[in-house]
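Residue-level listing of the chains:
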Amino acid sequence: MSSDPLLSVRGLKKHYPITEGVLKKEVGRVKAVDGISFDVESGETLGLVGESGCGKSTAATSLLRLEDPTDGDIVFDGEDITEFDDTRLKSFRRRAQMMFQDPSSSFDPRMSVGESVAEPLEIHGMRDRSRRRRIVENLLERVGLSASDFDRYPHEFSGGQKQRIALARALVLNPDIIVADEPVSALDVSIQAEIISLMRDLQDEFDLAIVFISHDLGVVREVCDRVAVMYLGEIVEVADTETLFTDPQHPYTRALLSSIPTPDPTRRNEQIELTGDVPSPSNPPSGCRFHTRCPEVIPPAEFDLDQDEWRHVLDLRLRVDSGLDVEDVRSFLVAEGVANDTEAVPDDAVKRELRREFDIPETLSDAAAETVLSEGLDALVSGDHDNAKRTLDEAFSTVCERDAPALETSERGSTAACHLVDESVTVESPVSDD
Ligand SMILES: Nc1ncnc2c1ncn2[C@@H]1O[C@H](COP(=O)(O)OP(=O)(O)OP(=O)(O)O)[C@@H](O)[C@H]1O
């Protein structure tokens, strides 16, 4: 028996062109999936999690070649499916099925559910109608419905029942893998539990691998053997489910986990607030893409700033980089009654307001950092934006912005793309006492 994974994805990218004008000139690209790599073993469930828009669905459709990837290899059972012609793609599709979030839109309302579930059999050449019917009736029973449901129509079923039917259709060709995109998100919690338990039973019975896409970390913890966390088109951490939930290595994973509501009010999670907006995948930040929001972003070695202070100074610097306009601050202060017109707003008031807006104290705890910040703010309020930008950029830069961290495996066995993990490998390695 081969020990190779069932599915091995390497450097998968899916970029969508942004076009302009009648000639549809390409003016940019949405890097929806930007170089992700992971393996899926036979019979295992790999979770793919992350905020809305991080590229989970695009990863799903690209890895099944429902849309063609921009780059990367997708090796399924030893063969690279990115090289497949239509015939081989068709036989691959027997073995790799997709399930979607909304069971209602998955069915043709004019077809009986039996016909819908049987359709893939027909497409793949099973001509014998009564044989198809026998197989589907049996499958309907296995997903908790009855054989007599064959002739009923989708509108006669609830959302949960429709998802059972979708599962039957995904299983009808006896696949090796199902990519399930938010399969229970549209369902009530009690129904979710039923579908999850059904998926588990069928997974054992069919020895199925599942790629389980969800933004619901509670469900993921229950269902998945391993979890890959995505941020802005990249995978930032992969680990066994228990390791990921009990000992997350990437600050983004920690922030995601902190947002899971706990039913026990005495054990509230300390929610980690992320600053800044999610950047656009058409222009992702340099280095670690999470550095613009990371609560643990690494400070410059020469300053001794509190982590929070540093985060806020960096937020200000990044806003200056992206063109912060002090005139807007002056206008705001006029509206607040500080002066009658923008020219009359004192510079000190503008600087105070900027510190307030970015949660920066009146004086930073590190004197040298305070000197640079004051210089930068002086330049900014005097209208010398370039000088302000240069001053702040030179002093307040971070390795997280300069270098993209590789997916490193920590001593604890999880793999995270974070400079803190690189460092912990060195810093935390045992040192002798002498
Ligand atoms: N056909 C397309 N053309 C252009 N951009 C697209 C296309 N499909 C997706 N995108 C963009 O790619 C990024 C990733 O989208 P995707 O739907 O894969 O994310 P997601 O993590 O699945 O989000 P959600 O949970 O909301 O479905 C988003 O910025 C989205 O707007």
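Parameters at a glance
- Numbering of residues starts from 1 in each chain and follows the order in which that chain's sequence is written.
- Owing to the predicted nature of the model, reporting of local features is limited to residues with pLDDT of at least 70; listing and counting of side-chain atom pairs is limited to 80 or more, with chain, interface and lining totals taken over all residues.
- Each side-chain value is worked out from all heavy atoms of the structure, with water and hydrogens disregarded.
- Like-charged residues are merged into a patch within 9 Å and nonpolar side chains (Val, Leu, Ile, Met, Phe, Trp, Tyr) within 5 Å, provided each residue has over 30% relative accessible area and no salt bridge.
- All accessibility values rest on the Shrake-Rupley procedure with a 1.4 Å probe; residue burial counts only the protein chains present in the view.
- Any carboxyl oxygen of Asp or Glu within 4 Å of a side-chain nitrogen of Lys or Arg constitutes a salt bridge here.
- When charges are counted, Lys and Arg contribute as positive and Asp and Glu as negative, whereas His and the chain ends are disregarded.
- Charge placement uses NZ in Lys and CZ in Arg. For Asp and Glu, CG and CD serve respectively.
- Here a strand is any run of E in DSSP of at least two residues, a helix any run of H or I of at least four, and the numbering for each starts at the N terminus.
- Here the axes come from fitting lines to C-alpha atoms, over the contacting stretch only for helices, and the angles between their N-to-C directions go from 0 to 180 degrees.
- By the definition adopted for this analysis, an angle is roughly parallel if under 35 degrees, roughly antiparallel if over 145, roughly perpendicular if from 65 to 115, and oblique otherwise.
- In this scheme the crossing of two helices becomes right-handed for a clockwise turn of the near helix relative to the far one and left-handed for an anticlockwise turn of less than a right angle.
- Here, two residues are considered to be in contact whenever any of their heavy atoms come within 4.5 Å of each other.
- Think of it as three bins: nonpolar holds Ala, Val, Leu, Ile, Met, Phe, Trp, Tyr, Cys and Pro, charged holds Asp, Glu, Lys and Arg, and polar takes everything else, Gly as well.
- Only protein chains enter the accessibility calculation, which uses a 1.4 Å probe; a residue is then buried when its area is under 20% of its type maximum, exposed when over 50%, and partly exposed in between.
- UniProt positions are given in the numbering used here, feature names are shortened, and annotations may be inferred rather than shown by experiment.
- The arc in question is formed by the directions pointing from the helix axis toward the C-beta atoms.
- In this description, a nonpolar core means a group of buried Ala, Val, Leu, Ile, Met, Phe, Trp, Tyr and Cys residues linked to one another through side-chain atoms lying within 4.5 Å.
- Paired strands, in this sense, are two strands between which DSSP finds at least two bridges.

(A) How the structure looks around a negative patch on the surface. Together, D304, D306, D308 and D359 make up a region of like negative charge exposed at the surface. Structurally, D304 is set in the loop between α9 (251-258) and α10 (307-321).

(B) Representation of the packing of α10 against helix α14 (residues 385-395) within the structure. Close contact between α10 and α14 brings their axes to 9 Å; oriented N to C, the two are set at 140°. By the criterion of interaxial angle, the relationship of α10 to α14 is oblique. The handedness of the crossing between α10 and α14 comes out as left-handed. Contacts between α10 and α14 involve R317, V320 and D321 on the former and, on the latter, H385, K389, L392 and D393. Its residues assigned to classes, the contact of α10 with α14 shows 2 nonpolar, 1 polar and 4 charged.

(C) Looking closely at the pattern of salt bridges. This structure, assessed with the given rule, holds 32 salt bridges. Of the charged contacts, one joins E234 and R289 as a salt bridge, the two residues approaching to 3.3 Å between their closest N and O atoms. Here R289 lies in the loop between α9 and α10 and E234 lies in strand β10 (residues 234-240), a separation of 55 residues in the sequence. The exposure class of R289 is buried, given its relative accessible area of 9%. One continuous salt-bridge network, built from bridges that share partners, spans R317, D321, K389, D393 and E401.

(D) How the structure looks around the UniProt feature "domain: ABC transporter" (unreviewed entry) in the protein chain. Residues annotated in UniProt with the feature "domain: ABC transporter" (unreviewed entry) correspond here to residues 17-257. Helix and strand shares over residues 17-257 are 39% and 25% respectively, and the end C-alpha atoms of the span are 33 Å apart.

(E) Local environment of α14. Among all positions of α14, only A388, T391, L392 and A395 are buried. Projected down its long axis, α14 shows its buried positions confined to an angular sector of 90°, all on one face. Pointing more than 90 degrees away from the buried face of α14 are the exposed residues D386 and E394.

(F) A look at the nonpolar core. If you look at the biggest cluster of nonpolar residues, it comprises 89 residues, and the most contacted ones within it are F212, L354 and F396. Per-element tally for this core: the top contributor is helix α13 (residues 367-381), with 7 residues. Beyond its immediate chain neighbours, meaning those up to four positions away, F396 contacts P300, F303, W310, V313, L314, R317, A369, V372 and L373.

(G) Examining unusual backbone geometry more closely. Even without glycine at this site, E182 takes up a positive phi of about 50°. On the secondary structure map, E182 appears in the loop between β7 (177-181) and α6 (189-206). Owing to a relative accessible area of 8%, E182 belongs among the buried residues under this scheme. One non-glycine residue, D359, lies in positive phi territory at about 60°. Mapped onto the fold, D359 is located in the loop between α12 (347-357) and α13.

(H) The arrangement of the pairing of β10 in detail. Counted residue by residue, β10 has 5 buried out of 7 residues, so it is predominantly covered. Alignment of strand β9 (residues 226-231) against β10, held across 6 bridges, turns out to be antiparallel. Bridging from a neighbouring strand, V227 pairs with A239 of β10. What sits between β9 and β10 in their antiparallel hairpin is a turn of 2 residues, with L232 showing a positive phi close to 45°.

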